[in-house]
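Results of the structural survey
The residues making up each chain are set out below.
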Amino acid sequence: AAAAALAGYRGPGRTRDGLEVKVLANVQDGAGARAAAARHAEGVGLLRTELAFLSRAEEPSVEEQAAGYAAVLEAFPGQRVVVRTLDAGSDKPLAFATMPDEENPALGVRGLRVARRDPGLLERQLDAVAEAARRTGAEPWVMAPMVATVAEARDFGQRVRARGLTPGVMVEIPSAALMADRLLREVDFLSIGTNDLSQYTLAADRLSADLADLTDPWQPALLALVQATAEAGRRTGKPVGVCGEAAADPLLACVLVGLGVTSLSCAASSIAGVGARLAVVDTEACRRAAQAALATDDPHDARAAARRELGVE
Ligand code: PEP
Ligand code: MG
């Protein structure tokens, strides 16, 4: 029955009792977006714009960027597409944006922080997104990676709104999760990047195999920050999604929904598994699973508790 449901997922995402949860795709270009649309993604929850430019020595022109973003928007007419501004630095260095020889690049000038030194790079990228929107008639949302403070969210929100676009920020740093209410006074949505949020919450390199038990997305401390962020969204009536790898695990996806997130964004190959699982669970069971997982002391017990409450696997 599970395999049949998996093959049969055609969207939209919803729980058995009818709670709508958008199941979106993480993509890096137009071809990826078209492939995700074929797998019944309801849109794009994370366009990783930096991945198209990893091998470039020079900043791509506004025209080249606009054409690339338009190709993604065209794959999802009338649907949500969230464009993330360049997340250069740390594990994704870009020759034209990254500081060479940082002592500690994961804690250095990465993501939105690049705009401190070079605001023009961000301005030109936002111009390109606005141009892609104009050409396609789409209304993309735009979010910044690596936001740590309310002031950063305010500045980003103003730059995005000045172009008639909808601003949001990623929650990847514990300070952002703790300030989620105040971030939502500045921007219209939040998207939780669990890959970096676990790295910065547990102080463990996301690329280290030796520390994978710490960066396990089932860590109760990570779940607690997801809950705090989602509750801020509920209080303000604004969307809070998850776009990190956590959203690709069907069991954890149910827990995230139980914690209150309103959308999930994952690799296109994971969409059917997540969508099919949501379709067979009730919201109340997701809430119970979330509370049970939060009450445990480690990832292994959190997983077992969620499994028990949801009656799966
Ligand atoms: C994340 O950190 O969870 C995220 C989605 O961003 P990236 O993996 O591109 O850093
Ligand atoms: Mg990240």
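Not measured: the values here are computed from a predicted model.

**A closer look at the sheet that holds strand E4 (residues 141–144)**
- Pairing is parallel in the closed barrel, where 8 strands are placed in the order E1-E2-E3-E4-E5-E6-E7-E8. Neighbouring strand axes in the sheet, compared pairwise and without regard to direction, differ in orientation by 25° on average.
- Summarising the sheet, E4 and strand E5 (residues 166–171) pair through 4 bridges and their orientation is parallel. Bridging across to E5, alanine 144 finds its partner in valine 169.
- Across the sheet, helix H2 (residues 30–38) is in contact with strand E1 (22–27) and strand E2 (43–48); its angle to E1 comes to roughly 150°.
- Sheet strands in contact with helix H12 (residues 271–278) are E1 and strand E8 (263–266), and its direction is about 165° off that of E1.

**Things to note about the UniProt feature "binding site: Mg(2+)" (unreviewed entry) in the protein**
- Taken from the UniProt record, the annotation "binding site: Mg(2+)" (unreviewed entry) applies to Glu172 and Asp196. Spanning 25 residues, the named residues form one tight spatial group whose C-alpha atoms are at most 5.2 Å apart.
- Counting through the fold element by element, glutamate 172 comes out in the loop between E5 and helix H7 (174–178).
- The residues contacting glutamate 172, other than those within four sequence positions of it, are Pro145, Met146, Gly193, Asp196, Leu197 and Tyr200.
- With respect to the element layout, aspartate 196 can be found in helix H9 (residues 194–202).
- Filtering out sequence-adjacent residues up to four positions away, aspartate 196 remains in contact with Glu172 and Arg206.

**Overview of helix H11 (residues 250–259)**
- When you tally the buried positions in H11, you get 9 out of 10 residues, the bulk of the element.
- When we look at burial in H11, the residues that qualify are Pro250, Leu252, Ala253, Cys254, Val255, Leu256, Val257, Gly258 and Leu259.
- Where H11 is buried, its residues meet helix H10 (220–236), strand E7 (240–242), E8, H12, helix H13 (283–294) and helix H14 (299–310).
- Once H11 ends, the next one or two residues include glycine 260, with phi positive near 110°.

Cut-off values and rules
- Residues numbered from 1 in each chain as written.
- Chains lettered and ligands numbered in written order.
- Predicted model: local features only at pLDDT ≥ 70, side-chain atom pairs only at ≥ 80, totals over all residues.
- Pairing = 2+ DSSP bridges.
- Helix = DSSP H or I, 4+ residues; strand = E, 2+ residues; numbered from the N terminus.
- Axes fitted to C-alpha atoms, helices over the stretch in contact; angles between N-to-C directions.
- Contact = placed C-beta atoms within 7 Å.
- UniProt positions renumbered as here; feature names shortened; annotations may be inferred.
- Buried ≥ 20, exposed ≤ 12 C-beta atoms within 10 Å, placed from the backbone.

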